[in-house]
Amino acid sequence: MSETGIGARVKRVEDQRFLTGKGNYTDDINRPNQTYAFILRSPHAHARITSLDASAAQASEGVVAVFTGKDIAAAEVGGLPCGWQIHNKDGSPMAEPPHPMLVADKVRHVGDQVAMVIAETRDQARDAAEKIVVEYETLAAVTATDAAIKDGAPQVHDEAALNTCYDWELGDKAATEEGFAKAAHVVKIDVVNNRIIPNAMEPRVALGDYDRSTGDYTLFTTSQNPHVIRLLMGAFVLQLPEHKLRVVAPDVGGGFGSKIFHYAEEALVTWAAGKLGRPIKWVSDRSEAFVTDAHGRDHRTHAELAIDGDGKFLALRVSTLANMGAYLSTFAPAIPTYLSATLLAGVYTTPAIYSEVRAVFTNTVPVDAVRGAGRPETSYLLERLVDRAAKQTGIDKTELRKRNFIQPEQMPYQTPVALQYDVGDYPAVFEAGLAAADYSGFEGRKAETESRGKLRGVGISTYIEACGIAPSAVAGALGARAGLYESAQVRVHPTGSVTLFTGSHSHGQGHETTFAQVVSDLLGVPFEAVVVSHGDTAKVQFGMGTYGSRSLAVGGAAIYKACEKIIDKATKIAAHILEAAEADIEFKDGNFTVAGTDKSMAFGEVALAAYVPHNFPHETLEPGLDENAFYDPLNFSYPSGCHICEVEVDPDTGVVEVAKFTAVDDIGRVVNPMIVEGQVHGGVVQGIGQALLEGCVYDDEGQLLTGSFMDYAMPRADNVPFFTVAQKSVMGASNPLEVKGVGEVGAIGSPPAIINAVVNALEPLGVEDVTMPATPMTVWQAIQDAQAR
Amino acid sequence: MPTVSMTVNGKSVSADVEPRTLLVQYLREHLSLTGTHVGCDTSQCGACVVHVDGVSVKSCTMLAAQADGAEVVTIEGLDDNGTLHPMQEAFRDNHGLQCGFCTPGMVMSALDLVKNNPSPSEQDVRDWLEGNICRCTGYHNIVKSIQAGAAAMRG
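Numbers given to residues run from 1 along each chain, matching the order in which its sequence is written. Naming scheme: in the order in which they are written, chains are lettered from A and ligands are numbered from 1. Predicted model: local features are reported for residues with pLDDT of at least 70 only, side-chain atom pairs are reported and counted for 80 or more only, and whole-chain, interface and lining totals are derived from all residues. To get the side-chain values, all heavy atoms of the structure are used, and hydrogens and water are removed first.

Re a negative patch on the surface
Only residues whose relative accessible area exceeds 30% and that form no salt bridge enter a patch; like-charged residues are grouped when within 9 Å of one another, and nonpolar side chains (Val, Leu, Ile, Met, Phe, Trp, Tyr) when within 5 Å. Surface exposure here means Shrake-Rupley accessible area, sampled with a 1.4 Å probe, where a residue is shielded only by the protein chains that are shown. Between Lys or Arg on one side and Asp or Glu on the other, a salt bridge is scored when a side-chain nitrogen of the former is within 4 Å of a carboxyl oxygen of the latter. When charges are tallied, Lys and Arg are placed among the positive residues and Asp and Glu among the negative ones, while His and the ends of the chain are skipped. In plain terms, the charge of a residue is placed at NZ if it is Lys, CZ if Arg, CG if Asp and CD if Glu. On the surface, A:Asp718, B:Asp124, B:Asp127 and B:Glu130 cluster together into a patch of negative charge. Inspection of the secondary structure assignment puts B:Glu130 in the loop between α4 (122-128) and α5 (140-154). Every helix listed is a DSSP run of H or I at least four residues long, and every strand listed is a run of E at least two residues long, numbered separately from the N terminus.

Here we look at the packing of aromatic side chains
All names here are of chain A. Only Phe, Tyr and Trp rings take part, Trp by its six-membered ring, and two of them pair if their centres are within 6.5 Å. Stacked means planes under 30 degrees apart, edge-to-face means over 60, and tilted covers everything else. Tallying each qualifying case throughout the model produces 22 aromatic pairs over all chains. Taking the centre distance of 4.7 Å and the plane angle of 55° together, the rings of Tyr210 and Tyr217 count as tilted. To sort residues, take the accessible area from a 1.4 Å probe on protein chains only and compare it with the maximum for the residue type: under 20% means buried, over 50% means exposed, and anything in between is partly exposed. A relative accessible area of 22% places Tyr210 in the partly exposed class. For Tyr217, a relative accessible area of 15% corresponds to the buried category.

Observations regarding the sheet that holds strand β12 (residues 280-283) of chain A
Hydrogen bonds along the backbone pair up the strands of a sheet, which may run parallel or antiparallel. All names here are of chain A. As summarised here, the arrangement of the 7 strands in space is β3-β5-β1-β12-β9-β10-β11, forming an open sheet in which the pairing is mixed. Every other strand in the sheet has two partners, leaving β3 (63-68) and β11 (245-248) as the edge strands with one partner each. The average undirected angle you get between the axes of adjacent strands in this sheet is 20°. Two strands make a pair as long as DSSP finds a minimum of two bridges between them. In this structure, β3 lies alongside strand β5 (residues 113-119), joined through 5 bridges in antiparallel fashion. Axis lines are fitted to C-alpha atoms, over the contacting stretch for helices. Their N-to-C directions set the angle, which ranges from 0 to 180 degrees.

A word on helix α1 (residues 23-30) of chain B
A turn of α-helix holds 3.6 residues, and therefore any two residues three or four places apart point the same way. Judged by how many residues are buried, α1(B) sits mostly within the fold: 6 of 8 residues are covered. Within α1(B), burial applies to B:Leu23, B:Val24, B:Gln25, B:Tyr26, B:Leu27 and B:Arg28. Buried residues in α1(B) make contact with α4 (122-129) of chain A together with β1 (3-8), β2 (11-16), β3 (49-52) and β5 (71-73) of chain B. Immediately downstream of α1(B), the backbone of B:Ser32 shows phi near 55°, a positive value. Contacts were defined at the residue level, with two residues in contact if any of their heavy atoms lie within 4.5 Å.

Considering the domain arrangement of chain B
Residues and elements named next belong to chain B. Segmentation of chain B into domains returns domain 1 (3-77) and domain 2 (86-154). Bear in mind that the domain bounds are from an automatic or database domain assignment. Between the C-alpha centres of domain 1 and domain 2 there is a distance of 21 Å. At the interface, 17 residues of domain 1 touch 16 residues of domain 2. Note on terms: buried area is the combined drop in 1.4 Å-probe accessible area of two parts once they are placed together, counting the loss on both. Taking both sides of the interface into account, the surface hidden between domain 1 and domain 2 amounts to around 1200 Å²; carbon and sulfur atoms contribute 58%. For domain 1, the biggest contributors to the area lost against domain 2 are His37, His51 and Ile75; these three give 37% of the whole. Scanning the region where domain 1 abuts domain 2 turns up 0 salt bridges. Any pair of N or O atoms that falls within 3.5 Å is considered a polar contact. Within protein, one atom must be able to donate a hydrogen and the other to accept it, and sequence-neighbouring residues count only if both atoms are side-chain atoms. Remark: the boundary between domain 1 and domain 2 carries 8 residue pairs in polar contact (both at pLDDT 80 or more). Of all the elements in the fold, those that place two or more residues in the side of domain 1 that touches domain 2 are β3 and β4 (55-58). If you tally residues by element for the side of domain 1 that touches domain 2, the top one is β4, at 3 residues. For this scheme, ten residues count as nonpolar: Ala, Val, Leu, Ile, Met, Phe, Trp, Tyr, Cys and Pro. Four count as charged, namely Asp, Glu, Lys and Arg, and the remainder, Gly too, count as polar. The residue makeup of the side of domain 1 that touches domain 2, split by class, is 7 nonpolar, 9 polar and 1 charged.

Notes on helix α11 (residues 426-436) of chain A
Residue and element names in this part refer to chain A. All of the buried residues in α11 are Tyr426, Pro427, Val429, Phe430, Gly433 and Leu434. Buried residues along α11 cover an arc of 165° about the axis, so they all sit on one side. Those residues of α11 that are buried are in contact with α10 (397-404), β17 (420-421), β18 (455-464), β26 (640-649) and β27 (656-666). Two to three positions downstream of the cap, the backbone nitrogen of Ala428 sits 3.2 Å from a side-chain oxygen, assigning the N-cap of α11 to Asp425. Of the residues trailing α11, Asp438 is marked for its positive phi of about 50°. The directions from the helix axis to the C-beta atoms are what the arc is built from.

Points about the pairing of β11(A)
All names here are of chain A. Of the pairings in the sheet, the one linking strand β10 (residues 216-221) to β11 comprises 4 bridges and is parallel in character. Bridge assignment links Leu219 to a residue of β11, and that residue is Val247. A clockwise path from the first strand over the helix to the second, with the strands pointing away from the viewer, defines a right-handed crossover. Taken together, β10, helix α6 (residues 226-237) and β11 constitute a β-α-β crossover, and its handedness is right-handed.

As for the state of the cysteines
Residues and elements named next belong to chain B. Here, the term disulfide refers to a pair of cysteine sulfur atoms separated by no more than 2.5 Å. The tally for this structure, following the rule as stated, stands at 0 disulfides over all chains. Of the cysteine sulfurs around Cys48, a residue in no disulfide, the closest is that of Cys60, at 3.7 Å. A relative accessible area of 3% places Cys48 in the buried class.

A word on unusual backbone geometry
Where the residue is not glycine, phi is negative for most of them; where a peptide bond is considered, it is trans in most cases. Residue and element names in this part refer to chain A. In this structure, Pro412 follows Met411 across a cis peptide bond, with omega equal to -5°. Along the chain, the position of Pro412 falls in the loop between α10 and β16 (413-414). Following Met772, the chain continues into Pro773 via a peptide bond in cis, with omega recorded as -10°. Among the secondary structure elements, Pro773 is positioned in the loop between α18 (745-762) and α19 (776-788). For Ala373, which is not glycine, the phi torsion reads 45° and is therefore positive. Secondary-structure assignment places Ala373 in the loop between β15 (352-361) and α9 (375-393).

Shown next, in the form of structure tokens:
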């Protein structure tokens, strides 16, 4: 391994600009003659707009224009599209109500966009928006997931009877019932996967620009996937052809899923920039982000596990109610179904599984993918259920897991819920986790904790996730309205330096470093000679973007393919110049050598020859060294792992402290261990946030009570410890780099380990269940309730 | 409109601003010092931390007019023509940043901690960062960075 190649702990190239204040985030970009947009939003969760008077706003100082829902309706632009279609049990398509850019008739959640004011300054736009008079006829609202399907619940959309978006199923119901008929034990659980708010530190920003001389539009936006935004906005909303529309996602300050989706503000500023012939910038403030960025999770699940007399799992049946919010966000319908229910086998051999999911509309912010997206819900359900099963059957929780693991020799393993795992060694990862966590030393630490008057618990989770989204054929069969491949272009310059154009997007992941490591390693060129370009549809050929831990597994594979093409072409050039047969050219360490001779050309010499070709055979060899590749994955990749958490609980106050956290993950080949560890740290803390701190609270009228950082508990430095992070890599993943994905493992593996630890700590007090977030109040109440029984 | 004058990163600057202009707006919009970021509207996240007369301040919570006559240092004022300050270097060496958005505030805040506590313990650092939120790193490498930066500054 070289000091900068695959596997090396290379310091990040992007850090210099970020550390010196020279990052280029969307709000740092300004265009000549720029105006500013402010969006007036609904203060009500559910109401009819009976009148709207914008005349005072129109006349307000500095105002350039005011647009309302009626203007949008008259302009005949489209609503925001949904990218995934789910079908009901009876084969009919899901309910898909319209999602307008500005609402004209009925608002459906607090924060729904009602009007856009454009003015010379931000403050003028905001001042003018306060002068818009909107009269609302308020309606009863429904916000809780389980309340949406009750008789008489307020109806969010006329198109969705009983607030139901879809009622879907997966698996063999009859085989599952047979499993239950043979069961020695049936273990039941009800879990709530709490709604969380993604809160990337950079709020969303959209800057629309229109070139009056060419008629070209440019949108600068905080996106994880600028090409997807161009496709969705251009083709479905504004009907702008792609060659007239450029979308740029420059430095982006975190995404965690929330910046995948196409949002109304992007289309509004682009559309209005064309109308006004001036650039328009919209910047979300944090309060706005809380009520407009798509939220995550919000599933309520009942599950039952059938187990035989030897502790082997026989069957699993799962019923989930999933909250979609007020409208369907871009990927929303896929989260509880194809990204969640398909993982219900976990790492276990459960032979029969049946799952049903009912998705509902409520008067809340739309819900979509947040780091993990469906998979944290499944890992949480399974691992809570397995711990409960251990208690009910009297089998030790490590032993019960071991008895049910899929064994490495069973690979590839076809699960009963559609997926086929390609490689994995769950017993080995589990043992590595127990060893790294010094699991056998727990009792000693517990005694020490108890000597201080506190309780200590240990919780285990094993998980699997499907990453590298997604094989296009599979995705299409499952309802995706797009293929989910990735592209890469490797442009070798005449002097041997390289620009990589990638359709993946980096918003914290460090692609400018890891992707350069891959290219440098494959082509044998110095790391410093590779620059990574991403995030601009005018530069990069196409891209499906970054989410679902797909960048290296899919985007990296495209890079690998493009580099292969470069080597093939360079081999032809070297063979021609060295007057040898192509088959005799060996490429190693950046040199093309005629086998068995000392005749050799360095990579840079071949590059120069490619662009200064004096005698290439016209028929068979083109000048230039610039190759494009699109890679469509053969299968998902399947990271797995074992997370072990120890907590200390103060029984008097209910305060939970994460005392020790160990994550051992199989993420396949590691390109940069430093970046991998950072991804796990960040993911685990988002999991700690969901498990202990973060909860989204709506009141009965649909007001978001946790609508600021003063009310919504983000994890802070003093809420978390240092972590023990290690990899137990199993090679052979179905992509050329044999990588699996690491962005989400922390958020998927950690919540069940934490809550299992809390429940374990409270067992002596008779507590059997604790809900997320396990705040001091929740834990204290659980203790009081148990003591009262 | 009142005139405000101050020294920013060693340079004297002066401008007429609306009275309601926040210091962070003045830095970003009038001086194009966009390294200082706005991550919230309730003085919680700390992405906007700068130094005013040597003390770390959330520049979203101070009017530009209140900084009249002050010495202000932003993230752009730390490096020496691209050579990183030891605290910046420590963040790079310890992977103390991912998306980079909270980073300027973290670095500016860390420097104020180290000024008063040259050898902070892990708990000192965690407690000090109460007013700085990061969503990417899980704080693990930020805490390590600040301790390493402090060590480098002690020499």
